[in-house]
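Next come the chains, spelled out residue by residue.
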Amino acid sequence: MMRFDLTDLGLFRHVVEAGSITHGAARANLALAAASTRIRLMEESLGAALLTRGRQGVSPTPAGRALLVHAREVLAGVERLREEMAAFSGSAFGQIRVLANTNALTEFLPDALSAFLADHPGIGVEIDERTSEEIVGLVAEGAADLGILSGTVDTGSLRTFPFREDRFVLVAARDHPLAARGTIPFAELLGHDLVGLDRRSAISRFLVAQAVREGRPMRLRVQLRDFDAVCRLVEARVGLAVLPESAAARAAQGLALAVVPLADAWARRDLTLCLRDLDGLPPFIRAFVAQLRA
């Protein structure tokens, strides 16, 4: 007999979406041992494997994919129940699940989030960083309420709204020979030492993919966790960097940096909101979308 509780279903959803039992357990606020035990008991109860384990993490089996669909439906139903019951107390409670690329997460979301959360004390927001291509698929399959991604990515049948304008630029020390250029192609930078974000960041993975398309590796001397640290090393002439213009312009206000637009078509990275159905979202999520669009 299958006996899954809401904690089991929530844990399983987190594990599949994170691709890792360790990271899924952390998202579900469970110890790794407890999470592993719950997954094992779910598989024993079902009589079938739910996850395929490998060196790169875990992925759902056919049974796991079927369970994931139902887990999301059950958890979404419970969330709607909480929202409706909260209305009787005159308060709004709920959770918003957002997927965002690196640029949106670090440069644009903090201000919008702070204003929204101040006005909605009962609402929580869970944000996960993903590449733009990953965001489309996850929002489409119901893994998140909305996504913020590059406007150059095909969003299929998802509904979209403009969010912010941005593009990739070269960041160089002000006296670097490339600093005086009007524009520069990304391929030309691949012959220089570079400073970048941590390889797990969405931006880092995207730029590495562009370098692969050029048939040349990126000469990354240092990889750091935030834009400001990258820019400080660029100023110290450790290497060049490719960053969103919003982050580069902010850093250039206090550092001796030059900002040069990339000439590549893909460098234009206007950000877009994407979701499945705005009218079908709970009122507090529609209010959050309105805040972001404002």
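All residue numbers refer to positions counted from 1 along the written sequence of the respective chain. Predicted model: local features are reported for residues with pLDDT of at least 70 only, side-chain atom pairs are reported and counted for 80 or more only, and whole-chain, interface and lining totals are derived from all residues. Computation of side-chain values covers all heavy atoms of the structure but excludes hydrogens and water.

Draft legend 1. Examining the environment of S246 more closely. Tracing the chain through its elements places S246 in helix α10 (residues 245-252). Residues S246 and A209 lie 37 residues apart in sequence; the distance between their C-alpha atoms is 22 Å. Any two residues whose heavy atoms approach within 4.5 Å are treated as being in contact. With residues up to four places along the chain from it excluded, the contact list for S246 reads N103, E107, F108 and D166. Looking at S246, its side chain comes within polar contact range of the side chain of D166, at 2.5 Å. Here a helix means four or more residues in a row that DSSP labels H or I, a strand means two or more in a row labelled E, and each is numbered from the N terminus. Under the rule applied, a polar contact is a pair of N or O atoms within 3.5 Å (in protein, one hydrogen donor and one hydrogen acceptor; residues adjacent in sequence only if both atoms are side-chain atoms).

Draft legend 2. Fine view of the UniProt feature "domain: HTH lysR-type" (unreviewed entry) in the protein chain. UniProt positions are given in the numbering used here, feature names are shortened, and annotations may be inferred rather than shown by experiment. Feature annotation in UniProt places "domain: HTH lysR-type" (unreviewed entry) on residues 4-61, given in this structure's numbering. End-to-end, the C-alpha atoms of residues 4-61 are 18 Å apart, and along that stretch the chain is 60% helix and 14% strand.

Draft legend 3. A look at the packing of helix α1 (residues 6-18) against helix α3 (residues 32-46). Between α1 and α3, the shortest axis-to-axis distance is 10 Å and the interhelical angle comes to 105°. Here α3 runs roughly perpendicular to α1, going by the angle between their axes. Counted together, T7, D8, L11 and F12 of α1 and A35, R38, I39 and M42 of α3 form the full contact between these two elements. Whenever a helix is involved, its axis is fitted only over the stretch in contact; in every case the axis is a line through C-alpha atoms, and angles between N-to-C directions fall within 0 to 180 degrees. In what follows, roughly perpendicular refers to angles from 65 to 115 degrees, roughly parallel to angles under 35, roughly antiparallel to angles over 145, and oblique to any angle outside these ranges.

Draft legend 4. Region of the structure containing the pairing of strand β1 (residues 51-54). Judged from the four bridges that link them, β1 and strand β2 (residues 57-60) form a sheet pairing that is antiparallel. The residue bridging R53 from the neighbouring strand is V58, located in β2. Pairing between strands is defined by DSSP: at least two bridges between the two strands are required. If you look at the hairpin formed by β1 and β2, you'll find two residues sitting between the two strands.

Draft legend 5. Geometry of the sheet that holds strand β11 (residues 257-261). One open sheet holds the three strands; their spatial order is β10-β7-β11, and the pairing between them is antiparallel. Two strands close off the open sheet at either side, each with one partner strand: β10 (241-244) and β11. For this sheet, the mean inter-axis angle between neighbouring strands, taken without regard to orientation, is 40°. Across four bridges, strand β7 (residues 168-173) lies against β10 in antiparallel orientation.

Draft legend 6. Molecular detail of the domain arrangement of the protein chain. What the domain assignment lists for the protein chain is domain 1 (6-71), domain 2 (92-165 + 270-293) and domain 3 (168-267). When each unit is reduced to the centre of its C-alpha atoms, the spacing between domain 1 and domain 3 is 38 Å. Each domain span listed reflects an automatic or database assignment of domains.

Draft legend 7. Region of the structure containing the packing of helix α5 (residues 102-119) against helix α11 (residues 283-293). It is at 10 Å that the axes of α5 and α11 come closest, and there the two elements cross at 135°. As far as their axial angle goes, α11 and α5 are oblique. Along this stretch, α5 crosses α11, giving a crossing that reads as right-handed. Contacts between α5 and α11 involve L109, A112, L113, A115 and F116 on the former and, on the latter, F284, A287, F288, Q291 and L292. Here the contact of α5 with α11 is composed, by residue class, of nine nonpolar, one polar and no charged. By definition, turning the near helix anticlockwise from the far helix through less than a right angle yields a left-handed crossing, and turning it clockwise yields a right-handed one. Lys, Arg, Asp and Glu make up the charged group, whereas Ala, Val, Leu, Ile, Met, Phe, Trp, Tyr, Cys and Pro make up the nonpolar group; the residues left over, Gly among them, are polar.

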